[in-house]
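One letter stands for each residue in the lines below.
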Amino acid sequence: QDMPVMRVSSIGYGMGKKDFPTANCVRAMIGETENRDTVVSELRCNLDDMTPEAIGYAMDHLLSRGALDVYSVPIQMKKSRPGVMLCVLCRPDDRDDMAELIFKYTTTLGIREQTYKRYTLTRTTERVETELGTVRVKRAHGYGVSREKYEYDDLADIAYSLGSGIDEARAYVDRFRRPE
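These remarks concern the structure in this document.

Reading guide: rules and limits
- Along each chain, the written sequence defines residue order, and numbers are assigned to residues from 1.
- The model is predicted, so local features are restricted to residues of pLDDT at least 70 and side-chain atom pairs to those at 80 or more, both for listing and for counting; the totals for chains, interfaces and linings are taken over all residues.
- Side-chain figures throughout are based on the complete set of non-hydrogen atoms in the structure, without hydrogens or water.
- Note on geometry: axes are lines fitted to C-alpha atoms, helical ones only across the stretch in contact, with angles between N-to-C directions running from 0 to 180 degrees.
- Counting from the N terminus, the helices are the DSSP runs of H or I reaching at least four residues and the strands are the DSSP runs of E reaching at least two.
- Convention used here: angles under 35 degrees read as roughly parallel, angles over 145 as roughly antiparallel, angles from 65 to 115 as roughly perpendicular, and any remaining angle as oblique.
- Two helices that cross are described as forming a left-handed crossing if the nearer one is turned anticlockwise from the farther one by less than a right angle, and a right-handed crossing if clockwise.
- For this analysis, residues touch if any pair of their heavy atoms sits within 4.5 Å.
- Ring geometry is summarised as follows: Phe, Tyr and Trp rings, the Trp one being its six-membered ring, pair when their centres sit within 6.5 Å, and such pairs are stacked at plane angles under 30 degrees, edge-to-face over 60 and tilted between the two.
- Relative accessibility thresholds used throughout: buried, under 20% of the residue-type maximum; exposed, over 50%; partly exposed, between the two (1.4 Å probe, protein chains only).

**A word on the packing of helix 1 (residues 52–64) against helix 2 (residues 95–105)**
Their axes nearest at 10 Å, the elements helix 1 and helix 2 cross at an angle of 155 degrees. Between helix 1 and helix 2, the angle is such that the two are roughly antiparallel. Considering how the two elements wind past one another, helix 1 and helix 2 form a crossing that is right-handed. Across the interface between the two elements, Tyr57, Ala58, His61 and Leu62 of helix 1 pack against Met98, Leu101, Ile102 and Tyr105 of helix 2.

**What to know about the side chain of Glu151**
Examined against the element boundaries, Glu151 turns out to sit in the loop between strand 9 (145–150) and helix 3 (152–162). Those residues within four positions of Glu151 in sequence are excluded, and the remaining contacts are Arg136 and Lys138.

**Things to note about the packing of aromatic side chains**
The tally for this structure, following the rule as stated, stands at 3 aromatic pairs. When the ring of Tyr57 is compared with that of Tyr105, the centres are 6.0 Å apart and the planes differ by 70 degrees; the resulting orientation is edge-to-face. In this pair, Tyr57 is assigned in helix 1 and Tyr105 in helix 2, connecting sequence segments 48 residues apart. Classification of Tyr57 by relative accessible area gives partly exposed; the value is 48%. Seen from their ring centres, Tyr119 and Tyr143 are 6.1 Å apart, and the 80 degrees between their planes marks the pair as edge-to-face. Of this pair, Tyr119 sits in strand 6 (residues 112–119) while Tyr143 is found in the loop between strand 8 (133–142) and strand 9, placing the two residues 24 residues apart along the sequence.

Okay, structure coming up:
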């Protein structure tokens, strides 16, 4: 089994007394894991006879029905036709339902499946109240990192109200979080 991603606090080595053709030693590590690894299924199909609007419609349906992520990649298909590879990430228990939706909302004749181990940061959302509305702050942390950002749609609403760009809206919201 693979060694888990961890923050190592100490490492110990021991050497055996008997001689072997290979080294007679052992290494032990003590550490903490975030234990945020999960398994996901990725379903893929190639499309060369759908409009971008129809692909977007299918993507919206997959996301609304529980897909973890849906994206498309431009590809070159046989006979030099441009096409799109549709990729759907889902929980393993949802893969049959997602496959059914892919067949329903796309023109594909076949779907490929791959299973992956996925590491994720712990996510939380907080709210900042401003005179122009609420802005959600998305935070993520784990594996020794911490980051945050404002929800784009909320910043765009503030920018529209201010008649400014996104950077000015971000500075406006910062003033409500950190008094000057």
